[in-house]
Amino acid sequence: MTSPATQLRDVVVTNEQTRATWRARSGSIRDGCIVIPRSKSATEGEPRQTFTITAKDGAQRTRSFTGVVIAQMSGKEIVFR
């Protein structure tokens, strides 16, 4: 069974350098990384840029992760650590 703390919803990603933001309906925490589905509205950052991710977890708690960087991007998802 998946822990509610690893399921994210109402995700907001903010580029800390440009202040550009985008949203995703859902995301998850896998192997210590935040994984968000990639969408057309997702803006990409430079490798050295950092992001703040805010979301609600499965237990309805607001979670905030600051200073994360893009670890990997694919056609389907963006992985932050």
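Residues numbered from 1 in each chain as written. Predicted model: local features only at pLDDT ≥ 70, side-chain atom pairs only at ≥ 80, totals over all residues. Heavy atoms only, no water.

*Asks:* Help me out: how do you make sense of the environment of Thr52 in this one?
*Replies:* Relative to the helices and strands, Thr52 resides in strand β4 (residues 51-57). For Thr52, a relative accessible area of 18% puts it in the buried group. Counting along the chain gives 39 residues from Thr52 to Val13, while the straight-line C-alpha distance between them is 5.8 Å. Those residues in contact with Thr52 that sit more than four places away from it in its chain are Val12, Val13, Thr14, Glu16, Ser64, Phe65, Thr66 and Gly67. At 2.5 Å, the side chain of Thr52 and the side chain of Glu16 are in polar contact. (Helix = DSSP H or I, 4+ residues; strand = E, 2+ residues; numbered from the N terminus. Buried < 20%, exposed > 50% of the residue type's maximum accessible area, 1.4 Å probe, protein only. Contact = heavy atoms within 4.5 Å. Polar contact = N/O pair within 3.5 Å; in protein donor to acceptor, adjacent residues only side chain to side chain.)

*Asks:* I'm lost on unusual backbone geometry in this one. Help?
*Replies:* Excluding glycine, a negative phi dihedral is what most residues carry, and trans is how most peptide bonds are arranged. A positive phi is found at Asp10, a non-glycine position, where the angle reads about 50°. With respect to the secondary-structure elements, Asp10 resides in strand β1 (residues 7-15). The phi torsion at Gln60 lies on the positive side, around 70°, for a residue other than glycine. Considering the arrangement of structural elements, one finds Gln60 in the loop between β4 and β5 (62-68). Residue Gln60 is classed as partly exposed on the basis of its relative accessible area of 48%.

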